[in-house]
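Commentary on secondary and tertiary structure
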Amino acid sequence: MANFKPLNHHRNSSPLLPFFSLLLTLSSLTTASNNSPMTTPTDSGPVVPTDPLITLLERLQLTALNTFGSKNYDPKHYVDLSLKHNLSETQLAFDDLPKSSTGSVSAVDLNGFITSYFNGAGEDLVYAEPPDFVPEPEGFLPAVENPVMREWALEVHKLWKNLSRRVDAGVFEHPELHTLLPLSKSVMVPGSRFREVYYWDSYWVIRGLLVSKMYDTAKGIVSNLISLRDEFGFVLNGARKYYTNRSQPPLLSAMVYVIYSRTGDMDFARKSLPALLKEHHFWNSGFHSVTILDAEGCKRTLSRYYAMWNKPRPESSTIDMETASKISNASEKQHLYRELASSAETGWDFSSRWMRNASDLTTLATTSIIPVDLNAFILQMELNIAFLAKVTGDRITAARFLEAAEARKLAMNSVFWNEEMGQWLDYWISDKTKCKDAYTWVASNQNRNIFASNFIPLSVELFNSDLKLVEKVRQSLQRSGLIRAVGISTSLTNSGQQWDFPNGWAPIQHLIVEGLVRSGSKEAKSMAKDIAARWITTNYVFYKKTKTMSEKYDVEKCGEYGGGGEYVPQTGFGWSNGVVLAFLEEFGWPKDLKIHC
């Protein structure tokens, strides 16, 4: 595209740094939230049982790190392995491995053991040809008039074949040998190290599948997620045993809504509704529910992230232990592990947004934060349930959830909204302001740092239907510094974490752009179209260089992937594919519009 210029350009010269050097080298960064209230770290709350297979695989993970070293080491690889023999036999063989005086195992012995006793990571998911895939669906992206862009869009569409899998029969026959959970329908994996279904990724995968006219595949994804909800009581972060301790941003109702809106499948809507009601209960009960006494003395109930875990995350066990190594107090370590898992539940793992100090990951305080975006998702859930209940004839449920939505809108405005900034701000809770079962609202507990999540409520109709509000938020976004050369940055803080500057992520672009478009404001739609064009272009340029789609992009540099965090950048990639297709469906691409940085 011509004339790519950042809007309100704000430069942060700090480089992205590798994860293991983060704690030592970022001490000069400012704190993530100067107004975050301090509390004494203690741990409470539920902890799900530990699976014996995962315990063994965590031991293998640590041994592999000690044996092979940290170069090209991914701890997730080892907890994705499946057993060739039963657990007790494998455990005895592992315990019998020859060890040096320091407890290490030779590379030859460890490689031999892994080969003899384990199948490769990902081998329990096998390729599945999507039955509803056709090379060029009828009516595919009619508004994409540029032949080059159209050719590329068809290539992105074709990537669904690369990401389609089904769970191997062996997982159903011997589930005790696998960390992969059995799912009856075919799945779409995000890509690379993410070999299994993920909860919130699936929403944008579905958005892309609907553009690709792959309705049966989209319904199958929802069916799988509902089966996880029915078995475990909530939709898991991902379809692995080690994800049974947490969920992810709750977008199941949004998936059902968009599929129904596209297909009109009343039976699908009716069968899905009971799961949505239970999903809503999960996010509005127990430790996820928080009550705030607002400035007018009214009680407002909102939701937060809170993982059912206070140990190292199995898929990142060695990394979490390294992070916690400078903490000696056992209770404080448990508290940190719960914060790490709860941060993973947010989908933003990790970000200065959740940290009291952006230079120190041990200051994560996610369970002390009531997040703007989570409550926007639950507000949309309430509206979706009301709609689906109404169209399926359940008017009592519809009325109840419309009432719940209005109550949450009021709560979000009274707790999150900041009139001066024109944004909704995350709110920090503190035991100092707690009285019985409610926290007293204090203005200074709003996190005044700028994050892309501050604008996500605009994606909800109860907010984007107010044109005066839309214009105030649009202007705030315009001057926020988040809109960069090729997309919206997650934050303005370069912490070295992957959900911070200068990284941009497909779901964030889509949520904000869709909110601007739905408002009906010409100015907002113009801004949305510009952001979408920039985002499409960086995806296109990256693809042409690499023949892959990235999970995240550097919004400062056209055609460059994002970095930071605890693993190397991944390609594939489910939600990036889905958002590009959704943007092209929404905005098209004129014949004479060039595609370049």
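**Here's the deal with the side chain of Ser351**
Residue placement: Ser351 occurs in the loop between α13 (330–345) and β8 (369–370). Reaching out from Ser351, the side chain makes a polar contact with the backbone nitrogen of Arg353 at a distance of 3.0 Å.

**Some words on the state of the cysteines**
Per the counting criterion, the structure on display carries one disulfide. There is a disulfide in this structure between Cys558 and Cys597, and the S-S distance comes to 1.9 Å. Where Cys558 bonds to Cys597 through sulfur, the torsion about that S-S bond is close to -75 degrees, and the disulfide is left-handed. You can see Cys558 sitting in the loop between β17 (552–554) and α20 (574–587) and its partner Cys597 sitting in the segment after α20, a full 39 residues away along the chain. In this structure Cys597 comes out as partly exposed when scored by relative accessible area, which is 41%.

**Comments concerning the layout of surface pockets**
Here the largest pocket is characterised by a volume of approximately 780 Å³. If you go around the largest pocket, you meet 36 residues; those closest to its centre are Tyr257, Val258, Gln380, Asn384 and Arg518. Those elements that provide at least two residues to the lining of the largest pocket are α8 (201–211), α10 (252–263), α14 (372–391), α15 (395–415), α16 (461–464), α18 (506–518) and α20.

**A closer look at empty space enclosed by the protein**
A full pass over the atoms with the stated rule returns one cavity of 30 Å³ or more. For the largest cavity, the calculated volume is near 310 Å³. In terms of lining residues, the largest cavity is bounded by 26 residues, among which Phe194, Tyr198, Gln248, Asp349 and Tyr567 are the most central.

**Some words on the packing of aromatic side chains**
Scanning the model with the defined rule gives 34 aromatic pairs in all. Aromatic pair Trp200 and Trp575: ring centres 5.2 Å apart, planes at 90 degrees, arrangement edge-to-face. Taken together, the residues Trp200 in the loop between β5 (187–188) and α8 and Trp575 in helix α20 connect sequence positions 375 residues apart. The buried category is assigned to Trp200, whose relative accessible area is 2%. According to the relative accessible area criterion, Trp575 is buried, its value standing at 3%. With a centroid separation of 6.3 Å and an interplanar angle of 85 degrees, the aromatic rings of Trp499 and Trp575 are classed as edge-to-face. Linking Trp499 in the loop between β15 (487–488) and β16 (503–505) with Trp575 in helix α20, this pair joins segments that are 76 residues apart in sequence. The class of Trp499 is buried, set by a relative accessible area of 1%.

**Focus on the packing of helix α9 (residues 215–232) against α10**
Between α9 and α10, the shortest axis-to-axis distance is 10 Å and the interhelical angle comes to 150 degrees. The orientation of α9 with respect to α10, classified from their angle, is roughly antiparallel. Considering how the two elements wind past one another, α9 and α10 form a crossing that is left-handed. Seen from α9, the contacting residues are Tyr215, Ala218, Lys219, Val222, Leu225 and Ile226; seen from α10, they are Leu252, Met255, Val256, Ile259, Arg262 and Thr263. In the contact of α9 with α10, the residues fall into nine nonpolar, one polar and two charged.

**Overview of the sheet that holds strand β12 (residues 434–435)**
Read across the sheet, four strands follow the order β7-β6-β13-β12 without closing on themselves; strand pairing throughout is mixed. Pairing within the sheet leaves two strands with one partner each, and these edge strands are β7 (299–303) and β12. Relative to β7, strand β6 (residues 289–293) runs antiparallel, the two being bridged by five bridges. In the sheet register, Leu293 faces β7, and the bridge partner there is Lys299.

**Focus: the nonpolar core**
Generally speaking, soluble globular proteins have nonpolar side chains that are buried together. Core analysis: the largest hydrophobic core is formed by 185 residues, its most contacted members being Leu60 and Phe113. If sequence neighbours within four positions are ignored, Leu60 has contacts with Tyr78, Leu81, Phe94, Leu110, Phe113, Ile114 and Phe118.

**Observations regarding the confidence of the model for the protein chain**
The predicted model of the protein chain has a mean per-residue pLDDT of 93, with 93% of residues at 70 or higher. Under a pLDDT of 50 for its full length, residues 1–34 has, in the predicted model, 93 contacts with residues more than four places off or in other chains.

**A short note on the sheet that holds strand β3 (residues 125–127)**
Judged by pairing direction, the sheet is antiparallel, and its three strands sit side by side in the order β3-β4-β5 without closing on themselves. Of all strands in the sheet, those bounded by a partner on one side alone are β3 and β5. Its contacts with the sheet put helix α6 (residues 147–163) on β3, β4 (164–167) and β5, and the angle it makes with β4 is roughly 20 degrees.

**Concerning α18**
The terminal C-alpha atoms of α18 lie 18 Å apart, and with 13 residues this matches the ideal 18 Å at 1.5 Å per residue to within 8%. Counting buried positions over the 13 residues of α18 gives 12, a clear majority of the element. Buried within α18 are the following residues: Ala506, Pro507, Ile508, Gln509, His510, Leu511, Ile512, Val513, Glu514, Gly515, Leu516 and Val517. Where α18 ends, the next residue or the one after it, Gly520, has phi of about 85 degrees, a positive value.

**Comments concerning the environment of Lys271**
Checked against the element boundaries, Lys271 lands in helix α11 (residues 266–283). Of the residues examined, Lys271 reaches a relative accessible area of 61% and is grouped as exposed. Spatially, the C-alpha atom of Lys271 lies 9.7 Å from that of Ser223, the residues being 48 residues apart in sequence.

**Considerations on the pairing of β4**
The pairing of β3 with β4 spans three bridges and is classified as antiparallel. Bridge pairing in β4 links Tyr127 to Arg165. Sheet topology note: the β4/β5 ladder contains two bridges and is antiparallel. Paired with Arg165 across the two strands is Val187, which belongs to β5.

**Quick word on the environment of Val205**
Note on placement: Val205 falls in helix α8. A residue is classified by how much of its surface remains accessible, and Val205, at 4% relative accessible area, is buried. With residues near it in sequence (within four places) discarded, Val205 still touches Trp160, Met188, Ile221, Gly574 and Trp575.

**Observations concerning the environment of Tyr198**
Inspection of the secondary structure assignment puts Tyr198 in the loop between β5 and α8. Taking relative accessible area as the criterion, Tyr198 reaches 5% and is therefore assigned buried. Separated by 40 residues in sequence, Tyr198 and Gly238 have C-alpha atoms that sit 4.3 Å apart. Filtering out sequence-adjacent residues up to four positions away, Tyr198 remains in contact with Lys76, Pro190, Asn237, Gly238, Tyr243 and Gln248. One polar contact links Tyr198 to Tyr243, side chain to side chain, over a distance of 2.7 Å.

How each quantity is defined
Residues numbered from 1 in each chain as written. Predicted model: local features only at pLDDT ≥ 70, side-chain atom pairs only at ≥ 80, totals over all residues. Heavy atoms only, no water. Helix = DSSP H or I, 4+ residues; strand = E, 2+ residues; numbered from the N terminus. Polar contact = N/O pair within 3.5 Å; in protein donor to acceptor, adjacent residues only side chain to side chain. Disulfide = S-S within 2.5 Å. Buried < 20%, exposed > 50% of the residue type's maximum accessible area, 1.4 Å probe, protein only. 1 Å grid on protein atoms, 1.4 Å probe; cavity = no way out; pocket = protein on both sides within 12 Å on 5 of 7 lines; lining within 4 Å. Points joined across faces, edges and corners; volume = space filled by probe spheres on them. Phe/Tyr/Trp six-rings, centres within 6.5 Å; stacked < 30°, edge-to-face > 60°. Axes fitted to C-alpha atoms, helices over the stretch in contact; angles between N-to-C directions. Parallel < 35°, antiparallel > 145°, perpendicular 65-115°, else oblique. Left-handed = near helix turned anticlockwise from the far one by under 90°. Contact = heavy atoms within 4.5 Å. Nonpolar A, V, L, I, M, F, W, Y, C, P; charged D, E, K, R; others polar. Pairing = 2+ DSSP bridges. Core = buried A, V, L, I, M, F, W, Y, C linked by side-chain atoms within 4.5 Å. pLDDT = per-residue confidence, 0-100. Expected span 1.5 Å × (residues − 1).

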